[in-house]
Amino acid sequence: MPKFAANLSFLFAEQPFPERFARAAAAGFAGVEYLFPYAWPAAEIAGWLRDAGLQQVLFNLPPGDWAAGERGIACLPGREKEFAAGVEQALAYAEALGCRRVHCLAGLRPAGVDEARLTATYIANLRHAADRFAALGASVLIEPINSRIDMPGYWLDDVGRAFSLCAAVDRDNVRVQLDLYHAQIIQGDLARTIEANLERIGHIQIADNPGRHEPGSGEINYPFLFALLDRLGYAGWVGCEYQPMTTTEAGLAWLTK
Ligand SMILES: O=C(O)C(=O)[C@H](O)CO
Ligand SMILES: [Mg+2]
C-alpha cells in the first residue's frame, strides 16, 4: 500500500487544528497535509509535528484573498509581486516544517483576459516559484481541479492541460498533484492517466465520487488503484483529502482492507 497523509483541513475536523496532529498520529498516519499553515507561527506547527512524530507532506502557497473567494493568483496578470511575496512566505514555512512539496493554486479565470496572457503569467510565476523552492530541494505542484462541481471558474480544470503546462514550465521540480477525485469528475480513465504520466506526478490525493467522502463510499475502485501504484513503484505520498461520512476514525476502515 502507498504511504498516506491525513489532510487536516478535512480529517479530524471534529477537533481544534492543533489537536488534529496527535489524532492523525494515533490513527496511524505518518504524514499530514492541509490547506494553509499561515494562521499559526511555523515554530508552533513544527512542535506539533515533532510531538506527534509526523512529517509535513504538503501545504498550499498563499491563495490571494481566500475568504473573498479567490482560489490562487498564479495565472492573474498584475499580481506577480504578491505571488512572489507569497512564495517567500511559503518558503520560510517549508524550511521550518521540513516540507518538500507546496501546491500552487492557479486562480479563477478573470473576465476579459485572453488565454495566452493567463498562460504566460502562470508559466512565469511557476518558474519563479520553482527556482526559489529548488534551493530547498522542494517541488512546486499544480493540481487540475474540477470546475463543474467543486470550484466553478477555476482556471486549471483539465488534466491533460496540467501535464502539458508542467512540460511547458520546463522545471524538474514542477510536478502535477493528481487529485483522483477531481480527475474522475473531469475525465475518468484514472489508471491510464496514472500509468501514462507517472514521472510527472509529484503527489496524489484521494476521495471517492460522488460526495468526496472516504474510499469505498462511491464509484472509484481504490483497492485497484493502490495496487497499481504499488506495481508502478509510486514512491510519493497519497493525501487523504475527503469529508468523512460520519467521524474521521469511523471512516478509516478502508485503510485496513
Ligand atoms: O481543492 C483541492 O482538491 C486541493 O487539493 C486544493 O489544494 C485546495 O483547494
Ligand atoms: Mg486536492
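Cut-offs and rules
Residues numbered from 1 in each chain as written. Chains lettered and ligands numbered in written order. Predicted model: local features only at pLDDT ≥ 70, side-chain atom pairs only at ≥ 80, totals over all residues. Heavy atoms only, no water. UniProt positions renumbered as here; feature names shortened; annotations may be inferred. Axes fitted to C-alpha atoms, helices over the stretch in contact; angles between N-to-C directions. Helix = DSSP H or I, 4+ residues; strand = E, 2+ residues; numbered from the N terminus. Parallel < 35°, antiparallel > 145°, perpendicular 65-115°, else oblique. Left-handed = near helix turned anticlockwise from the far one by under 90°. Contact = heavy atoms within 4.5 Å. Donors = N, O, S within 2.8 Å, 3.2 Å for Na, K, Ca; no water. Tetrahedral: all angles 85-135°; square planar, octahedral: opposite > 155°, others 65-115°. Buried < 20%, exposed > 50% of the residue type's maximum accessible area, 1.4 Å probe, protein only. Pairing = 2+ DSSP bridges. Near = heavy atom within 4 Å. Polar contact = N/O pair within 3.5 Å; in protein donor to acceptor, adjacent residues only side chain to side chain. Nonpolar A, V, L, I, M, F, W, Y, C, P; charged D, E, K, R; others polar. Phe/Tyr/Trp six-rings, centres within 6.5 Å; stacked < 30°, edge-to-face > 60°. Lys NZ or Arg CZ within 6 Å of the ring centre and 35° of its normal. Lys, Arg positive; Asp, Glu negative; His and termini not counted. Salt bridge = Lys/Arg side-chain N within 4 Å of Asp/Glu carboxyl O.

The protein chain carries the name Hydroxypyruvate isomerase in an unreviewed UniProt entry, which gives Azonexus fungiphilus as its organism. Among the UniProt annotations of the protein chain, the heading Sequence similarities (unreviewed entry) holds the following wording: "Belongs to the hyi family."

Draft legend 1. Just the packing of helix H2 (residues 42-52) against helix H3 (residues 80-97), in detail. Running from amino to carboxyl end, H2 crosses H3 at an angle of 30°, the nearest separation of the two axes being 9 Å. Classified by the interaxial angle, the pair formed by H2 and H3 is roughly parallel. Classified by chirality, the crossing of H3 by H2 is right-handed. Two secondary-structure elements touch here, H2 through Ala42, Ile45, Ala46 and Leu49 and H3 through Tyr93, Ala96 and Leu97.

Draft legend 2. The arrangement of the coordination of the magnesium ion (ligand 2) in detail. The protein atoms that coordinate the magnesium ion (ligand 2) are Glu143 (OE), Asp179 (OD), Gln205 (OE1) and Glu241 (OE), at distances of 2.0 to 2.2 Å. One can describe the site at the magnesium ion (ligand 2) as octahedral: its six donor atoms subtend angles covering 77 to 171° at the metal. Linear spacing of the donor residues for the magnesium ion (ligand 2) on their chain is E-x35-D-x25-Q-x35-E. You can see Asp179 sitting in strand E6 (residues 174-179) and its partner Gln205 sitting in strand E7 (residues 201-206), a full 26 residues away along the chain. Looking at Asp179, the relative accessible area reads 1%, which means it is buried. The exposure class of Gln205 is buried, given its relative accessible area of 2%.

Draft legend 3. Region of interest: the sheet that holds strand E4 (residues 101-103). Spatial strand order, E1-E2-E3-E4-E5-E6-E7-E8: eight strands in a closed barrel with parallel pairing. Strand-to-strand twist of the sheet, defined as the mean angle between neighbouring strand axes without regard to direction, takes the value 30°.

Draft legend 4. Main features of the site of ligand 1. Around ligand 1 there are 13 residues in total, and Asn60, Glu143, His182, Arg212 and Glu241 lie nearest to it. In this structure, an oxygen atom belonging to ligand 1 sits 2.9 Å away from a side-chain N or O atom of Glu143. Contacts to ligand 1 include Arg212, whose side-chain N or O atom sits 2.7 Å from an oxygen atom. Here the residues of the shell around ligand 1 are counted per class, giving four nonpolar, five polar and four charged.

Draft legend 5. Structural view of the packing of aromatic side chains. Taken as a whole and judged by the stated rule, the model has 18 aromatic pairs. Residues Tyr38 and Phe59 carry aromatic rings whose centres are separated by 6.1 Å and whose planes lie at 90° to one another, so their mutual orientation is edge-to-face. Of this pair, Tyr38 sits in the loop between strand E2 (31-33) and H2 while Phe59 is found in strand E3 (residues 55-60), placing the two residues 21 residues apart along the sequence. Of the two residues, Tyr38 and Phe59, both sit in the buried class. Taken together through their ring pairs, the aromatic side chains of Phe4, Tyr222, Phe226, Tyr242 and Trp254 make up a single cluster. Between Arg71 and the ring centre of Trp66, over which it is positioned, the NZ or CZ distance is 3.6 Å. When the ring centre of Trp155 is taken as origin, the NZ or CZ atom of Arg161, which lies over that ring, is 4.8 Å away.

Draft legend 6. Region of interest: the packing of helix H4 (residues 115-134) against helix H5 (residues 159-169). Put simply, H4 and H5 touch, their axes get as near as 10 Å, and they point 60° apart. Here H4 is positioned oblique relative to H5, judged by the angle of their axes. As for how H4 packs across H5, the hand of that crossing is right-handed. Residues Glu115, Thr119, Tyr122, Ile123, Leu126 and Arg127 of H4 touch H5, and the partners they reach there are Arg161, Leu165, Ala168 and Val169. Among the residues forming the contact of H4 with H5, the class breakdown is six nonpolar, one polar and three charged.

Draft legend 7. Seen up close, the side chain of Arg71. Secondary-structure assignment places Arg71 in the loop between E3 and H3. One buried charged side chain, Arg71, makes no salt bridge at all; its nearest oppositely charged neighbour is Asp65, positioned 7.4 Å away. One polar contact links the side chain of Arg71 to the main-chain carbonyl oxygen of Trp66, over a distance of 2.9 Å. Discounting chain neighbours no more than four positions away, the residues touching Arg71 are Pro63, Trp66, Leu105, Ala106, Gly107, Leu108, Met151 and Tyr154.

Draft legend 8. Spotlight on the UniProt feature "active site" (unreviewed entry) in the protein chain. Within this numbering scheme, the UniProt entry marks Glu143 and Glu241 as carrying the feature "active site" (unreviewed entry). With the annotated positions falling across 99 residues, the maximum pairwise C-alpha distance of 13.1 Å places them together in a single cluster. With respect to the element layout, Glu143 can be found in the loop between strand E5 (139-142) and H5. Residue classification places Glu143 among the buried residues on the basis of a relative accessible area of 4%. Summarising the element assignment, Glu241 is placed in the segment after strand E8 (237-240). What Glu241 contacts, discounting residues up to four positions off in sequence, is Asn7, Phe10, Glu33, Glu143, Asp179, Gln205, Ile206, Ala207 and Arg212.

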